[in-house]
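Read off the chains here:
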Number of protein chains: 2
Amino acid sequence: MSGTSPDFTARLRAVGLRPTRQRVALARLLFEGEHRHVTAEGLHAEVRATRLPVSLATVYNALNQFRDAGLLREVVVAPGRSYFDTNTGHHHHFFVEPDGELHDFPSDKVTIAGLPTPPKGTRLSRVDVIVRVRR
Amino acid sequence: MSGTSPDFTARLRAVGLRPTRQRVALARLLFEGEHRHVTAEGLHAEVRATRLPVSLATVYNALNQFRDAGLLREVVVAPGRSYFDTNTGHHHHFFVEPDGELHDFPSDKVTIAGLPTPPKGTRLSRVDVIVRVRR
DNA sequence: AAGTTGTTTAGAACAGTTCTAAAAACTGAA
DNA sequence: TTCAGTTTTTAGAACTGTTCTAAACAACTT
Ligand SMILES: [Mn+2]
Ligand SMILES: [Mn+2]
Ligand SMILES: [Zn+2]
Ligand SMILES: [Zn+2]
């Protein structure tokens, strides 16, 4: 058989999180298929559609824990709402306004040359490139 | 004489805004000196320190109007809070976490090559580069 | 199974921002 | 100048996204 279904229970345990029903359901939605960009509200709607009752607070808890565990990264592109990105590798984003859609593009084709050195007393943490486009 | 003090009344009128006491005071704080990055709360504290009573709603109104008029641009770098930037020309940002400070750097030294073409049916609107650094 | 600890939950609380509608201020014409 | 018409300001309510609280519940250990 091709494409063994990942063991979410083990993956959660590996990062020190108990594999509860809620977390496993959320992990499945997030990590089972292609990379995704979700909002808390959107993921909440999705998981509730599976008929497993999960509170919004739990979705926020899980997203924050997954992010802290390095399973997700948080992307800030619009005021007042966070996106969580299942792609934790180096890449950048298209942001389609006003829809609010995020699309990845690989960073290895993109060259950013001539970045100035960080201000005194600081270390580089990450470079985000957001290409904003409109319909 | 060198460095004529700008006529904020005229500048406001030029973009179709009545030069009220509040707007002139805010424009002075924003545009009189070097380029700035302000938050609504921060600017509100500043203007109130001049002993002119200005409500927070007015600060938000003015910032949004100035942005719509092209006098400011809005920068989103952190969840839950907008920065307004008096530098409307092409440039990019350092963002110092966790302080929340923003610093400009010119875009003309920075080369971004290999950006993919925008998704079907969209036009490029702006490219934001945010260099996140930590203390 | 019992005990322990970690998790979920509903709802309250919170932060940043926008809205409401009444009072105040700006403007152009008289 | 005064006046009428219009825009702006304001206090406070409302709203949105997110976090907190503390009690019920579920997962793990023995
Ligand atoms: Mn967060
Ligand atoms: Mn806004
Ligand atoms: Zn992404
Ligand atoms: Zn700037």
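Use the structure listed above.
Bear in mind that the values here come from a model prediction, so they are computed numbers and not experimental data.

Topic: the interface of chain B and chain A
Stage number 1. Listed by partner, the interface residues are 38 residues for chain B and 38 residues for chain A.
Stage number 2. Counting the surface lost from both chain B and chain A, the interface buries some 2900 Å², and carbon and sulfur atoms represent 63% of this.
Stage number 3. Remark: the boundary between chain B and chain A carries two salt bridges.
Stage number 4. Between R132 of chain B and D128 of chain A there is a salt bridge, and its shortest N-O distance comes to 2.7 Å.
Stage number 5. Where chain B touches chain A, the interface holds 12 residue pairs in polar contact (both at pLDDT 80 or more).
Stage number 6. Among the elements of the structure, β2 (73-78), β4 (91-97), β5 (101-106), β6 (111-113) and β7 (123-134) of chain B are those that each provide at least two residues to the side of chain B that touches chain A.
Stage number 7. Ranked by residue count, the leading element in the side of chain B that touches chain A is β7 of chain B, at 12 residues.
Stage number 8. Inspection of the sheet shows strand β7 (residues 123-134) of chain A paired to β7 of chain B by 11 bridges, in the antiparallel sense.

Overview of the protein's contact with DNA strand C
Stage number 1. Around DNA strand C sit 21 residues in total, of which T20 and R23 of chain A together with R13, Y60 and G80 of chain B are the nearest.
Stage number 2. A share of 83% of the atoms of DNA strand C within 4 Å of the protein falls on sugar and phosphate groups.
Stage number 3. Between DNA strand C and the protein, one listed contact pairs a sugar or linking oxygen with a side-chain N or O atom of R18 of chain A at 3.1 Å.
Stage number 4. Looking at the surface near DNA strand C, the elements that each hand over two or more residues are α2 (21-31) and α4 (56-68) of chain A together with α4 (56-68) and β3 (81-85) of chain B.
Stage number 5. Here the surface near DNA strand C gets four residues from one element, more than from any other, and that element is α4 of chain B.

Some details on the pattern of salt bridges
Residues and elements named next belong to chain A.
Stage number 1. Inspection of every chain in the model, using the stated rule, returns 20 salt bridges over all chains.
Stage number 2. In this structure, the salt-bridge partner of E32 is R28, at a minimum N-O distance of 3.9 Å.
Stage number 3. For E32, a relative accessible area of 44% translates into the label partly exposed.
Stage number 4. The partly exposed category is assigned to R28, whose relative accessible area is 39%.

As for helix α2 (residues 21-31) of chain B
Stage number 1. Taken together, the buried positions of α2 of chain B are R23, V24, A25, L26, A27, L30 and F31 of chain B.
Stage number 2. Summarising the contacts, the buried residues of α2 of chain B are in contact with α1 (8-14), β1 (37-38), α3 (40-49) and α4 of chain B.

What about the sheet that holds β1 of chain B?
Paired through backbone hydrogen bonds, the strands of a sheet run either parallel or antiparallel to each other.
Residues and elements named next belong to chain B.
Stage number 1. Taken together, the three strands give an open sheet; going across it, the order is β1-β3-β2, and neighbouring strands pair in antiparallel fashion. Every interior strand has two partners, whereas the edge strands, β1 and β2, have only one.
Stage number 2. Where β1 lies against β3, two bridges are found, and the strand directions are antiparallel. Directly across from V38, in β3, lies its bridge partner F84.
Stage number 3. The strands touched by α4 are β1, β2 and β3; relative to β3, the strand with the most contacts, the crossing angle is about 55°.

A closer look at the coordination of the zinc ion (ligand 4)
In an ideal tetrahedron of four donors about a metal, each angle is 109.5 degrees. In an ideal octahedron of six donors, the angles are 90 or 180 degrees.
Residue and element names in this part refer to chain B.
Stage number 1. For the zinc ion (ligand 4), every protein donor is listed as H37 (NE2), D85 (OD), H91 (NE2), H93 (NE2) and D104 (OD), and the spread of their distances is 2.0 to 2.2 Å.
Stage number 2. For the zinc ion (ligand 4), the single-chain donor residues occur in sequence as H-x47-D-x5-H-x1-H-x10-D. Taken together, the residues span a long stretch of sequence, with H37 in strand β1 and H91 in strand β4 at a distance of 54 residues.

What about the relation of the copies chain B and chain A?
Stage number 1. Here chain B sits on chain A after a turn of 180° about the axis and a move of 0.0 Å along it, with an RMSD of 0.0 Å. In the structure described here, the two chain copies are related by an operation that fits a two-fold rotation axis.
Stage number 2. A share of 100% of interface residues in chain B that are also interface residues in chain A marks the association as one of identical surfaces.

Looking at the environment of I130 of chain A
Stage number 1. Looking at the secondary structure, you find I130 of chain A in strand β7.
Stage number 2. Classification of I130 of chain A as buried rests on a relative accessible area of 3%.
Stage number 3. For I130 of chain A and P106 of chain A, which are 24 residues apart along the polypeptide, the C-alpha to C-alpha distance reads 12 Å.
Stage number 4. Contacts of I130 of chain A, omitting those with residues within four sequence positions, involve V76, V77, H93 and F95 of chain A together with R126, V127, D128 and I130 of chain B.

Procedures and definitions
- Residues numbered from 1 in each chain as written.
- Chains lettered and ligands numbered in written order.
- Predicted model: local features only at pLDDT ≥ 70, side-chain atom pairs only at ≥ 80, totals over all residues.
- Heavy atoms only, no water.
- Contact = heavy atoms within 4.5 Å.
- Buried area = accessible area lost by both parts, 1.4 Å probe.
- Salt bridge = Lys/Arg side-chain N within 4 Å of Asp/Glu carboxyl O.
- Polar contact = N/O pair within 3.5 Å; in protein donor to acceptor, adjacent residues only side chain to side chain.
- Helix = DSSP H or I, 4+ residues; strand = E, 2+ residues; numbered from the N terminus.
- Pairing = 2+ DSSP bridges.
- Near = heavy atom within 4 Å.
- Buried < 20%, exposed > 50% of the residue type's maximum accessible area, 1.4 Å probe, protein only.
- Axes fitted to C-alpha atoms, helices over the stretch in contact; angles between N-to-C directions.
- Donors = N, O, S within 2.8 Å, 3.2 Å for Na, K, Ca; no water.
- Least-squares fit on C-alpha atoms with pLDDT ≥ 70 in both.

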